[in-house]
Amino acid sequence: MKIRELAISGAWEFTPIQHGDSRGVFLEAYQAPLLAEVIGHNLDLAQVNVSVSAAGTVRGVHFADVPPGQAKYVSCVVGAVLDVIVDLRVGSPTFGQHEAVLLDDIDRRAVYLSEGLGHAFCALADGSTVAYLCSTGYNPAAEHGVNPMDPALGIKWPTVGRDGAPLTFELSAKDSAAPGLGQAEIDGLLPDFEAVVTYLRSRVGSSD
C-alpha cells in the first residue's frame, strides 16, 4: 500500500498494490493496522455506506459536528469519481482549501479524511459506486453541508465524464439549499480547528 499525505492535515491517499492475472485482480483495499499507524489511532468502524451515482451527480460537501465527528475511508469500487476533501475547520491554516483525488476502478485508490473535514465528489460515469467506512453512524442532528458550488470554495468540478461526454450536474435538494462557506461560518455550523485538534489528540494511542 502506497501512502500519500495530502496538504490538508488529517487527510491521506492510499493506493493498493494490485495482483492481476487472467482471472482478474486481487488487492487489499483496507488495512486496519496500517491506517491506525498513519492516523495514530484505530478507526472505530461504526457504519459502511454505499452510494451509486449517475454521471454528473455531485454529493456533498458533507461534515459532522466534532466531537465526535465522522472520519471516513472512501473508495470507488465501480466507475470513477472526482473525490474532494474540504478543510472546514475554522482557524485551520488551510481553512477553505480543498484537495481533489481521482478514485476509480483502475488504480483503486482510497482516501481517509479525519473528523472535521468536509467531503464531496462528482461521479464521472453512470453507476459509479462509492463505499464509505465511517467512524460513527448516521446522526441527522449532527450532520451538515456546505454548497459544493459555492464560488468561495473554488472547486473546479469536471465538465466531461470518463467517456468524454459533457456532464450535467445534479445535486440533491438538500445539497443545493446548503449555505455557502461564509454563511455556514456565520451560522456557527463549522467545526473549530483547535477543538478538533484537541479531540484528535485524545484519540492518539486509542485501541478502543
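Per an unreviewed UniProt entry, the protein goes by dTDP-4-dehydrorhamnose 3,5-epimerase and derives from Gordonia defluvii. Checking UniProt for the protein, the heading Sequence similarities (unreviewed entry) contains the comment "Belongs to the dTDP-4-dehydrorhamnose 3,5-epimerase family."

Draft legend 1. Expanded view of unusual backbone geometry. Here Gly60 and Val61 are connected by a cis peptide whose omega angle stands at 5°. Mapped onto the elements of the fold, Val61 is located in strand S6 (residues 58–64). Here the residue pair Pro67 and Pro68 is connected by a cis peptide bond, since its omega of -5° sits within 30 degrees of zero. At Arg108, a residue that is not glycine, the phi angle is positive and equals roughly 55°. Examined against the element boundaries, Arg108 turns out to sit in the loop between strand S9 (98–104) and strand S10 (110–113). What makes Arg108 partly exposed here is its relative accessible area of 27%.

Draft legend 2. Just helix H4 (residues 193–203), in detail. Among the residues of H4, Phe193, Val196, Val197, Leu200 and Arg203 are the ones counted as buried. Angular distribution of buried residues about the axis of H4 spans 115°; they occupy a single face of the element. Exposed side of H4, more than 90 degrees from the buried face: Thr198, Arg201 and Ser202 are the residues found there. Its side-chain oxygen at 3.2 Å from the backbone nitrogen of Glu194, Asp192 defines the N-terminal cap of H4.

Thresholds, definitions, all that
Residues numbered from 1 in each chain as written. Predicted model: local features only at pLDDT ≥ 70, side-chain atom pairs only at ≥ 80, totals over all residues. Heavy atoms only, no water. UniProt positions renumbered as here; feature names shortened; annotations may be inferred. Helix = DSSP H or I, 4+ residues; strand = E, 2+ residues; numbered from the N terminus. Buried < 20%, exposed > 50% of the residue type's maximum accessible area, 1.4 Å probe, protein only. Arc of directions from axis to C-beta. Polar contact = N/O pair within 3.5 Å; in protein donor to acceptor, adjacent residues only side chain to side chain.

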